[in-house]
Amino acid sequence: QVQLVESGGGLVQTGGSLRLSCEASGRAFSSYAMGWFRQAPGKVREFVAAINWSGGFTYYADSVKGRFTISRDNAKNTVYLQMNSLKPEDTAVYFCAATPRPDWKLKSAYDSWGQGTQVTVSS
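Since we're looking at a predicted model, the values are computed, not measured.

Rules and cut-offs
Residues numbered from 1 in each chain as written. Predicted model: local features only at pLDDT ≥ 70, side-chain atom pairs only at ≥ 80, totals over all residues. Heavy atoms only, no water. Buried < 20%, exposed > 50% of the residue type's maximum accessible area, 1.4 Å probe, protein only. Helix = DSSP H or I, 4+ residues; strand = E, 2+ residues; numbered from the N terminus. Pairing = 2+ DSSP bridges. Axes fitted to C-alpha atoms, helices over the stretch in contact; angles between N-to-C directions. Salt bridge = Lys/Arg side-chain N within 4 Å of Asp/Glu carboxyl O.

Observations concerning the pairing of strand β5 (residues 46–51)
Thought 1: Burial within β5 is extensive, with five of its six residues counted as buried.
Thought 2: In the sheet, strand β4 (residues 33–39) pairs with β5 via five bridges, with the strands oriented antiparallel. The residue of β5 that forms the bridge with F37 is F47.
Thought 3: Taken together, β4 and the strand that follows it, β5, pair antiparallel across an intervening segment of six residues, in which G42 is found at a positive phi of about 75 degrees.
Thought 4: By the bridge criterion, three bridges tie β5 to strand β6 (residues 58–60) in an arrangement that is antiparallel. Note that in β6 the partner of A49 across the bridge is Y60.
Thought 5: Turn length for the β5-β6 hairpin, with the two strands adjacent in sequence and antiparallel, is six residues, and the turn residue G55 shows positive phi of about 90 degrees.

In structure tokens, the structure reads:
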């Protein structure tokens, strides 16, 4: 497993932008696919975006497609989530996660999780 620490959350107005970062330590970062998930109060944790080990393939939830961009820098052991055109419904705790499995588009594939960072979008 890898250890994951998210940062970059905060309070932003509707239409604003934030960039989340997730730094990994432990086993070889470049052998893991990475994902971002979010959980709003009273709701199930949901998939947001994922990226394969090399960064050559990405996958997004329909709700964020065209607004969010996932990327990674394997030299820095870091994955990013650039969030633009934020909406109040994007308010949630955002978690990054890692998986060595090939089915990285599935939430069930992820076995290493960070503690989360709060994103609040005011209307």
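A few points about the sheet that holds strand β3 (residues 18–26)
As a general point, the strands of a sheet are linked pairwise by backbone hydrogen bonds and lie either parallel or antiparallel.
Thought 1: A sheet is described by the order of its strands in space; here four strands give the open sequence β1-β3-β8-β7, paired in antiparallel fashion. Both edges of this open sheet fall to β1 (2–7) and β7 (68–73), since each of them pairs with a single strand only. Direction aside, neighbouring strands of the sheet carry axes that sit 20 degrees apart on average.
Thought 2: Relative to strand β8 (residues 78–83), β7 runs antiparallel, the two sharing six bridges.

Concerning the pattern of salt bridges
Thought 1: Across all of its chains, the model carries five salt bridges by this definition.
Thought 2: With a closest N to O distance of 2.8 Å, D90 and R67 form a salt bridge. With D90 in the loop between β8 and β9 (92–99) and R67 in the loop between β6 and β7, the pair connects residues that are 23 residues apart, well separated along the chain. Just as D90 is buried, R67 falls in that class too.
Thought 3: Of the charged contacts in the structure, one is a salt bridge between D103 and R101, with a shortest N-O distance of 2.7 Å.
Thought 4: For R101, a relative accessible area of 40% gives the class partly exposed.
Thought 5: Residues joined by salt bridges that share partners form a network here, namely R38, E46, R67 and D90.

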